[in-house]
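Coordinate analysis (summary)
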Amino acid sequence: MNTKVQAEESKYDSLKWVAVVAIITAGVVGNSIFSGESLLYRVLALLVLAAVAGFIVLQTTKGRTWFKLFKDAKGEMRRVVWPTRQETLQTTLMVLAAVLVVALMLWGMDTFFGWIVSGAIG
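Residues numbered from 1 in each chain as written. Predicted model: local features only at pLDDT ≥ 70, side-chain atom pairs only at ≥ 80, totals over all residues. Heavy atoms only, no water.

**As for the overall build of the protein**
How we decide: Secondary structure follows DSSP: runs of H or I at least 4 residues long count as helices, runs of E at least 2 residues long count as strands, and numbering of each begins at the N terminus. Within these notes, the globule rule equals 2.2 Å times the number of residues to the 0.38 power, and the radius of gyration is based on C-alpha atoms. Any residue under 20% of the maximum accessible area for its type is buried, any over 50% is exposed, and the rest in between are partly exposed; the area is computed with a 1.4 Å probe on protein chains only. Only the protein chains shown count as cover for residues, and the accessible areas themselves come from Shrake-Rupley with a 1.4 Å probe. When charges are tallied, Lys and Arg are placed among the positive residues and Asp and Glu among the negative ones, while His and the ends of the chain are skipped. Taken as the charge centre is NZ of Lys, CZ of Arg, CG of Asp or CD of Glu, depending on the residue.
Regarding its fold elements, the protein presents 4 helices and 0 strands. Taken from N to C terminus, the helices and strands of the protein fall in the order α-α-α-α. Relative to the globule expectation of 14 Å for 122 residues, the C-alpha radius of gyration of the protein, 29 Å, shows a markedly less compact shape. Taking the principal axes of the C-alpha coordinates as reference, the protein spans close to 75 × 50 × 40 Å. For the protein, the residues scored as buried account for 9% of the 122 residues in total. As displayed, the protein offers around 10,500 Å² of accessible surface, 73% of which is attributable to carbon and sulfur atoms. Averaging the locations of the 12 positively and 8 negatively charged side chains of the protein gives two centres separated by 7 Å.

Right, here's the structure in full:
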């Protein structure tokens with residue numbers, strides 16, 4: 001039974017996406033047509049159109065899935081243990097030291113092999 005409901009919802013989803021594209025197109029065209037009007041009115045109209053388009057998107061299956069993913073990601077960010085300033089500084093210095101050591105080793109090898117090749121070539 002749940003599969004029928006999902007199939008029926010996805011049947012109307014394409015119409016909803018067409019409506020969203022039409023709303024966005026109307027906003028873009030309307031913004032250029034009414035370019036002589038006040039910027040405040042145009043921005044408010046675009047915000048209203050964006051809110052309506054966003055509401056329609058959230059009514060689709062993909063929109064609900066995206067919104068759930070966004071909520072889950074936000075929850076995961078709260079659980080992350082972020083490093084302290086001192087830990088960040090220490091890690092950055094260790095990375096810089098490692099990069100410097102590898103750069104010096106590569107420079108030394110390049111110089112050595114260049115010396116060998118120039119000695120062989122003459």
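Structure shown, so let's carry the discussion forward.
**Re helix H3 (residues 61-79)**
Put simply, the rule reads: Any helix carries an expected span of 1.5 Å times its number of residues minus one. We call two N or O atoms a polar contact when they sit within 3.5 Å, provided that within protein one can donate a hydrogen and the other can accept it, with sequence-adjacent residues counted only if both atoms are side-chain atoms.
A rise of 1.5 Å per residue sets the reference length of H3, with its 19 residues, at 27 Å; its end C-alpha atoms lie 27 Å apart and thus fit the reference within 8%. Put simply, threonine 60 is the residue that caps the front of H3, since its side-chain oxygen is 3.0 Å from the backbone nitrogen of glycine 63.

**Structural notes on the packing of aromatic side chains**
To be explicit about the condition: Think of it this way: a Phe, Tyr or Trp ring, Trp meaning its six-membered ring, pairs with another when their centres are within 6.5 Å, and the plane angle makes it stacked under 30 degrees, edge-to-face over 60, tilted otherwise.
Going through the model one piece at a time under the given rule, you end up with 3 aromatic pairs. Seen from their ring centres, tryptophan 66 and phenylalanine 70 are 5.7 Å apart, and the 15° between their planes marks the pair as stacked. With tryptophan 66 and phenylalanine 70 both in helix H3 and 4 residues apart, the pair spans about one turn of that helix. Aromatic side chains phenylalanine 112 and tryptophan 115 sit 6.4 Å apart centroid to centroid with 35° between the ring planes, which places their arrangement in the tilted category. Here phenylalanine 112 and its partner tryptophan 115 are both found in helix H4 (residues 85-121), 3 residues apart, which amounts to about one turn of the helix.

**Points about the pattern of salt bridges**
Selection criterion: In the sections that follow, a salt bridge refers to a side-chain nitrogen of Lys or Arg positioned within 4 Å of a carboxyl oxygen of Asp or Glu.
By the definition in use, this model includes 2 salt bridges. Linking aspartate 72 and lysine 68 is a salt bridge whose minimum nitrogen-to-oxygen distance equals 3.1 Å. Note that aspartate 72 and lysine 68 are positioned in helix H3 at a spacing of 4 residues, about one turn of the helix. Of the residues examined, aspartate 72 reaches a relative accessible area of 40% and is grouped as partly exposed. The exposed category is assigned to lysine 68, whose relative accessible area is 53%. Between arginine 79 and glutamate 76 there is a salt bridge whose closest N-O contact spans 3.2 Å.

**Some thoughts on a nonpolar patch on the surface**
Stated formally: By definition, no residue in a patch forms a salt bridge, and every one has over 30% relative accessible area; like charges are joined within 9 Å, nonpolar side chains (Val, Leu, Ile, Met, Phe, Trp, Tyr) within 5 Å.
The grouping of Val102, Leu106, Met109, Phe112, Phe113, Trp115 and Ile116 at the surface amounts to a nonpolar patch, some 750 Å² of accessible area in total. When you line up the elements, isoleucine 116 lands in helix H4. The class of isoleucine 116 is partly exposed, set by a relative accessible area of 37%.

**What about the confidence of the model for the protein?**
What counts here: Note: pLDDT gives the predictor's confidence per residue, expressed from 0 to 100.
This prediction gives the protein a mean pLDDT of 90; 92% of its residues lie at or above 70. The spread of mean pLDDT over the elements of the protein runs between helix H1 (residues 2-33), the lowest at 81, and H4, the highest at 96.

**Some remarks on the side chain of aspartate 13**
Rules: Here, residues are in contact when the closest pair of their heavy atoms is within 4.5 Å.
Its location among the elements puts aspartate 13 in helix H1. No salt bridge is formed by the buried aspartate 13, whose closest oppositely charged neighbour, lysine 16, lies at an N-O distance of 4.1 Å. Apart from the residues within four sequence positions on either side, aspartate 13 is in contact with Gln59, Thr60 and Thr61.

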